[in-house]
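# Observations on the model geometry
Here's the letter readout for the chains.
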Amino acid sequence: ASAELLHGAIHAPRLDPVAVERVRGQMLAGARSEETDPGAIAGKALASMAFPDHPYGRESDGTVESIRSLTTDDLRAALDRVLVRDRAFISIVGDVSPEEASSLVEQLFADLPEATTPLPERAEIALTGGVTVIDLDVPQSLAVFGQEGLDRDDPDFFPAFVMNHILGGGGFSSRLTQEVRVERGLTYSIGTSLSPRRYGPVLTGSVASGNDTVAEAIEVVRAEWARMAEDGVTEAELTAAKQYLTGAYALRFDSAGRIAGILVGLQARGLEQDYINTRNDKVEAVTVDDISRVATRLLDPERLHFVVVGRPDG
């Protein structure tokens with residue numbers, strides 16, 4: 001019965017006016033909220049600067065104007081472009097045989113059309129170093145910062161992944177948290193993320209601080225960027241990062257839903273299913289020299305661009 005319902009939703013979505021207007025109202029509320037949300041404002045501004053002529057630079061949730069103007073015909077046309085057989089990534093997890101799984105996939109997806117709309121081209125990341133300030137009357141400024149990252153299939157990806165954990169992706173154990181929050185008390189939260197996007201990888205981060213202290217927080221971020229590029233990491237930092245990253249990986253596989261999502265993610269990134277068994281080996285293989293190499297290659301504080309939303313002093 002559930003498969004029949006899903007088949008109907010995929011192949012003959014009703015798009016009832018009442019349902020469309022309900023969701024339109026929800027999306028409009030979200031879009032209006034984001035117009036005054038510092039994080040949303042900064043993130044969208046940085047994305048538009050990094051990807052000025054690419055879908056990555058557009059507002060994926062739409063704007064108030066675009067949401068209002070959408071028609072049911074627009075939605076049906078979008079479904080025809082997006083719900084296509086040859087771009088589907090499927091994983092099935094549970095007490096089901098391969099034959100049953102194959103039959104289910106055939107039932108649900110065989111009648112879908114093939115894609116006719118081309119995928120986006122690879123983006124040329126247009127970020128250059130500097131600071132952009134967007135005025136907003138709030139007592140605390142929020143800064144989002146970023147630079148070009150590394151592709152998922154780059155040989156230096158795993159050293160960069162471990163490096164980012166040490167630099168800003170590891171919560172309280174990261175250097176940025178220690179230097180910006182613990183040592184100087186300039187923020188409650190700071191972090192970075194290595195995002196190997198398919199058409200344009202980026203290394204991004206964010207920090208919130210008082211209007212009178214955000215300039216200092218930005219300088220500390222730049223200093224830590226430079227320190228990592230020049231000095232790399234210590235053996236103790238590397239050992240701690242490996243222990244966390246390998247130990248935490250197993251915790252992702254705690255439900256059928258999460259396992260299915262991971263398997264779909266592997267397909268979307270072009271990774272083999274055996275990646276699950278080899279991923280921790282790749283983390284363990286990273287050396288101090290590897291991180292020194294990738295940090296020198298990747299990190300340059302002069303290339304970092306900061307978008308600050310608020311009324312920052314200085």
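Every chain is numbered on its own, with residues counted from 1 as its sequence reads. At least 70 in pLDDT is required for a residue's local features to be given in this predicted model, at least 80 for side-chain atom pairs to be given and counted, and no such filter applies to totals for whole chains, interfaces and linings, which use all residues. As a rule here, side-chain values cover all heavy atoms of the structure and leave hydrogens and water aside.

### Here we look at the nonpolar core
Here, nonpolar core refers to any group of buried Ala, Val, Leu, Ile, Met, Phe, Trp, Tyr and Cys residues whose side-chain atoms link them within 4.5 Å. To sort residues, take the accessible area from a 1.4 Å probe on protein chains only and compare it with the maximum for the residue type: under 20% means buried, over 50% means exposed, and anything in between is partly exposed. Core analysis: the largest hydrophobic core is formed by 44 residues, its most contacted members being Val-162, Met-163, Val-221, Trp-225, Met-228, Ile-291 and Leu-299. Residue contributions to this core peak at eight residues, all from helix α9 (residues 214-231). Met-163 has contacts with Met-228, Ile-291, Val-294, Ala-295, Leu-298 and Leu-299, leaving out every residue within four places of it along the chain. Ranked by size, the runner-up nonpolar core spans 16 residues in total, among them Ala-42, Val-144, Val-202 and Ala-208. Strands here mean DSSP runs of E at least two residues long; helices mean DSSP runs of H or I at least four residues long; both are numbered from the N terminus. Working rule for contacts: check all heavy atoms of both residues, and any pair within 4.5 Å makes them a contact.

### Thoughts on the sheet that holds strand β2 (residues 140-148)
Any two strands between which DSSP finds at least two bridges are classified as paired. Overall, mixed pairing links the five strands, which are arranged β1-β5-β2-β4-β3 in an open sheet. With partners counted over all chains shown, the strands left at the sheet margins are β1 (130-135) and β3 (190-195), one partner each. Strand after strand, the sheet turns through a mean of 15° between neighbouring axes, direction not considered. Sheet topology places β3 next to strand β4 (residues 202-210); six bridges connect them, and they run antiparallel. In the strand pairing of β4, Leu-194 is matched with Leu-203. Where helices are involved, their axes are fitted lines through C-alpha atoms of the stretch in contact, as for all axes, and angles between N-to-C directions lie from 0 to 180°.

### Quick notes on the packing of helix α7 (residues 157-169) against α9
Taken N-terminus to C-terminus, the directions of α7 and α9 make an angle of 145°; their axes are 11 Å apart at the nearest point. In the crossing of α7 with α9, the sense of the turn from one axis to the other is right-handed. On the side of α7, the interface is formed by Met-163, Ile-166 and Leu-167, while α9 contributes Glu-224, Trp-225 and Met-228. For this scheme, ten residues count as nonpolar: Ala, Val, Leu, Ile, Met, Phe, Trp, Tyr, Cys and Pro. Four count as charged, namely Asp, Glu, Lys and Arg, and the remainder, Gly too, count as polar. In terms of residue class, the contact of α7 with α9 is built from five nonpolar, no polar and one charged. Should the near helix be turned anticlockwise from the far one by less than a right angle, the crossing is left-handed, and should it be turned clockwise, the crossing is right-handed.

### As for the pairing of β2
Of all nine residues making up β2, seven are buried, and the element is well covered by its neighbours. Pairing between β2 and β4: nine bridges, direction antiparallel. Bridge pairing in β4 links Glu-148 to Val-202. Relative to strand β5 (residues 305-310), β2 is paired through five bridges, and the arrangement is antiparallel. When the sheet's bridge partners are listed, Ala-143 is paired in β5 with Val-308.

### Quick notes on the pattern of salt bridges
The salt bridge criterion pairs a side-chain nitrogen of Lys or Arg with a carboxyl oxygen of Asp or Glu, the two atoms within 4 Å. Applying the stated criterion across every chain yields a total of 17 salt bridges. For the salt bridge of Lys-44 with Glu-59, the shortest nitrogen-to-oxygen distance reads 3.2 Å. Taken together, the residues Lys-44 in helix α3 (residues 38-50) and Glu-59 in the loop between α3 and α4 (64-69) connect sequence positions 15 residues apart. Since its relative accessible area comes to 37%, Glu-59 is described here as partly exposed.

### A closer look at the packing of aromatic side chains
Aromatic rings from Phe, Tyr and Trp, with only the six-membered ring used for Trp, were paired whenever their centres fell within 6.5 Å, and each pair was classed as stacked if the ring planes differed by under 30 degrees, edge-to-face if by over 60, and tilted otherwise. One pass over the full model with this rule turns up nine aromatic pairs. Considering the side-chain rings of Phe-145 and Trp-225, the 5.9 Å spacing of their centres and the 85° angle between planes classify their relative orientation as edge-to-face. You can see Phe-145 sitting in strand β2 and its partner Trp-225 sitting in helix α9, a full 80 residues away along the chain. Taken together, a centroid distance of 6.4 Å and an interplanar angle of 35° make the contact between Phe-158 and Tyr-275 tilted. Pair noted here: Phe-158 is in helix α7 and Tyr-275 is in helix α12 (residues 275-284), with a separation of 117 residues, a long-range link. Comparing Phe-158 with Tyr-275 shows no difference in burial state: the two are buried. Pairwise contacts between aromatic rings join Phe-157, Phe-158, Phe-161 and Tyr-275 into one cluster. Against the face of Tyr-56 rests Arg-197, its NZ or CZ located 5.0 Å from the ring centre. By the criterion adopted, a ring carries a charge over it if an Arg CZ or a Lys NZ lies within 6 Å of its centre and within 35 degrees of its normal.

### A few points about the side chain of Thr-192
The topology assignment puts Thr-192 in strand β3. Nitrogen and oxygen atoms within 3.5 Å of one another constitute a polar contact, given that in protein one can donate a hydrogen and the other can accept it, and given that sequence-neighbouring residues count only through two side-chain atoms. A distance of 2.6 Å separates the side chain of Thr-192 from the side chain of Asn-164, its partner in a polar contact. With residues up to four places along the chain from it excluded, the contact list for Thr-192 reads Phe-145, Asn-164, Gly-168, Gly-169, Leu-176, Thr-204, Gly-205 and Trp-225.

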